[in-house]
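Coordinates in review
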Amino acid sequence: MASVVEWKQKLKWKREKSLKARDEEKTVDAPAPASDLQSPPPSKTVHPQPPARYVPLIDKSLGGGLGELYRLLTKKYVQRDQEIMAVLAGIISGEPVALFGEVGVAKTAICEDIARSIRGKFFFYQLCKFTVPDEILGGIDIPRLRNEGVYARRTKNKYPEADIAFFDDFGKASSAILNTFLDAMLNQRFLNGDEYRDLPTLCLLLSSNEVPADDDLRAFYDRVTIRRFVKPVTTELWEDLIKVADFNGRNVPPQTLTIPQILELRKEAMRRAAFYRDSTELRRKYVKCLLALDEKRIFVSDRKKHKVLKVAGAISTIYFEPQPSLDSLADAMRLCAVQDEKDLATVERVLIAERMTESGEMLQRVTTAWEEFNRLLEGYERGRTENLRAMGEVASY
């Protein structure tokens with residue numbers, strides 16, 4: 001009988017020891033009482049870990065509204081999917097966008113249609129070398145200067161009150177205008193008299209016929225995060241282009257989004273950007289791709305390395321992906337990593353080589369299979385009949 005009691009006490013002691021160990025594990029980082037502290041405990045750095053599965057904050061109706069706008073615009077503008085994506089990504093991420101291309105390739109029309117599909121204030125201005133800041137920021141308020149002695153601008157219906165601003169031919173702008181844009185892009189503000197005022201602008205849209213070559217413009221150009229080079233519609237799609245001709249001006253996308261909705265979409269995009277940052281697998285893929293671009297002499301500045309993730313988060317939001325993907329990150333690289341048009345092919349080759357996209361993965365597999373098929377075919381032509389079966393297996397792959 002004593003042995004049974006002893007056995008029960010032993011089990012009870014083991015259970016209490018197990019519970020005590022579990023409690024100590026839970027409270028291992030808890031600080032001791034103030035009276036027992038001889039020196040403050042060392043701070044513990046907590047590294048955020050991405051969830052195993054991403055859970056979007058926005059509902060399907062909001063994501064669906066954005067997707068519907070994208071669908072309507074791509075239906076209206078033939079072969080302009082990437083240009084539309086670039087402008088939408090800029091608005092959702094808050095990063096400036098520039099479209100480059102010859103006259104008549106729908107740069108202005110796309111920007112205007114997207115801006116007008118949002119229920120907010122839109123400001124458009126055609127720049128030239130004679131444009132002065134008063135035309136954009138508003139003229140001096142003469143009555144207020146005379147009566148109150150205050151030097152301030154009349155900003156009604158001007159850039160400082162716009163939710164979205166679009167400036168055409170920014171390559172022709174004067175240095176005074178470019179300095180105004182630089183301060184707006186970097187600090188979201190403008191100088192109104194003797195004090196700075198915050199700008200409510202969600203996004204700055206720009207277009208030009210050519211990439212700036214002047215040194216003064218280069219400093220400004222470097223701060224334009226998203227760049228897209230627009231080409232005329234290719235010949236095989238000319239019939240589709242003619243089919244969508246709108247002679248009455250009625251094919252205008254409806255106002256589908258409000259400013260609060262844009263801000264909600266931006267929060268979602270920043271959460272997805274953080275997912276790219278915190279995911280070890282995605283982060284390492286991104287760094288590897290940056291290193292490959294660096295070897296090809298395509299340099300992405302430290303500032304832009306962060307901004308690419310913001311744009312990737314915005315693209316992932318536009319597609320309403322269940323989880324941020326490598327494809328969206330690759331799309332962001334296509335829009336942000338290029339300095340001029342000649343970089344496009346190099347960036348694309350790097351993305352394929354680093355398997356940054358599902359299409360790149362498929363192309364790599366097809367290329368490998370094709371090389372193997374040709375190798376077997378050469379052997380078969382030299383009399384190696386056993387290669388015939390292997391060729392069939394490669395072909396089925």
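Please refer to the structure higher up on the page.
Residues numbered from 1 in each chain as written. Predicted model: local features only at pLDDT ≥ 70, side-chain atom pairs only at ≥ 80, totals over all residues. Heavy atoms only, no water.

Let's shift gears to the overall build of the chain. Counting its regular elements, the chain contains 16 helices and nine strands. Classification of the 397 residues of the chain by burial places 40% in the buried group. A separation threshold of at least 6 residues defines the contact pool for the chain, and within that pool the share at least 24 residues apart is 74%. Summed over all atoms, the accessible surface of the chain reaches about 23500 Å², with 53% contributed by carbon and sulfur. (Helix = DSSP H or I, 4+ residues; strand = E, 2+ residues; numbered from the N terminus. Buried < 20%, exposed > 50% of the residue type's maximum accessible area, 1.4 Å probe, protein only. Contact = heavy atoms within 4.5 Å. Areas by Shrake-Rupley, 256 points an atom, 1.4 Å probe, with all protein chains shown as cover.)

This paragraph deals with the nonpolar core. Counting residues in each nonpolar core, the largest one holds 93 residues, and the members touching the most others are V87, I136, Y159, F167 and F220. If one sorts the elements of this core by residue count, helix α3 (residues 81–93) sits on top with eight residues. F167 has contacts with F123, Y125, L127, I136, Y159, F181, L204, L205, L206 and S207, leaving out every residue within four places of it along the chain. (Core = buried A, V, L, I, M, F, W, Y, C linked by side-chain atoms within 4.5 Å.)

This brings us to helix α13 (residues 326–336). Structurally, the α-helix is built with 3.6 residues per turn, so residues lying three or four positions apart point the same way. Burial runs high along α13: nine of the eleven residues are buried. The set of residues buried in α13 consists of S328, L329, A330, D331, A332, M333, R334, L335 and C336. On its buried face, α13 is in contact with α3, β8 (226–230), α10 (259–278), α11 (280–295), α12 (302–318) and α14 (343–353).

Glancing now at the packing of aromatic side chains. Geometrically, a pair of aromatic rings is defined through the distance of the ring centres and the angle of the planes. Tallied over the entire structure, the rule returns twelve aromatic pairs. Relative to F229, the ring of F100 has its centre 5.4 Å away and its plane inclined at 25°; by these criteria the two rings are stacked. Linking F100 in strand β1 (residues 97–101) with F229 in strand β8, this pair joins segments that are 129 residues apart in sequence. For the pair formed by F100 and F229, the shared burial category is buried. Here a set of aromatic residues connected by ring pairs shows up, and it is made of F100, F123, Y125, Y159, F167, F170, F181, F220, Y221 and F229. R189 extends its terminal NZ or CZ atom over the ring of Y196, reaching a point 3.8 Å from the ring centre. Sitting above the plane of the Y221 ring, R227 keeps its charged end 4.0 Å from the centroid. (Phe/Tyr/Trp six-rings, centres within 6.5 Å; stacked < 30°, edge-to-face > 60°. Lys NZ or Arg CZ within 6 Å of the ring centre and 35° of its normal.)

What follows deals with the environment of F100. Take F100: its relative accessible area is 2%, and that puts it in the buried class. Expressed as a C-alpha distance, the spacing of F100 and S207, which sit 107 residues apart in the sequence, is 5.8 Å. Apart from the residues lying within four places of it in its own chain, the contact partners of F100 are K107, F170, S208, E210, V211, P212, Y221, R227, R228, F229 and V230.

Moving on, we come to the packing of α3 against α12. Relative to each other, α3 and α12 sit at 110°, their axes nearing to 8 Å. For the element pair α3 / α12, the angle class is roughly perpendicular. Read as a crossing pair, α3 and α12 show a hand that is right-handed. Side by side, α3 and α12 meet where M85, L88, A89, I92 and S93 of the first sit next to K310, V311, A314, I315 and I318 of the second. (Axes fitted to C-alpha atoms, helices over the stretch in contact; angles between N-to-C directions. Parallel < 35°, antiparallel > 145°, perpendicular 65-115°, else oblique. Left-handed = near helix turned anticlockwise from the far one by under 90°.)

Moving on, we come to the sheet that holds strand β3 (residues 122–126). Strand-to-strand pairing in sheets goes through backbone hydrogen bonds, with the strands running parallel or antiparallel. As summarised here, the arrangement of the five strands in space is β3-β4-β7-β1-β8, forming an open sheet in which the pairing is parallel. Two strands lie at the open edges of the sheet, namely β3 and β8, each paired on one side alone. The average angle at which neighbouring strand axes cross in this sheet is 15°, direction not considered. Across five bridges, the pairing between β1 and β8 is parallel. Across the sheet, V97 pairs through a bridge with I226, a residue of β8. Contacts from α3 reach β1, β4 (164–168), β7 (203–208) and β8 within the one sheet, and its direction differs from that of β8 by about 160°. (Pairing = 2+ DSSP bridges.)

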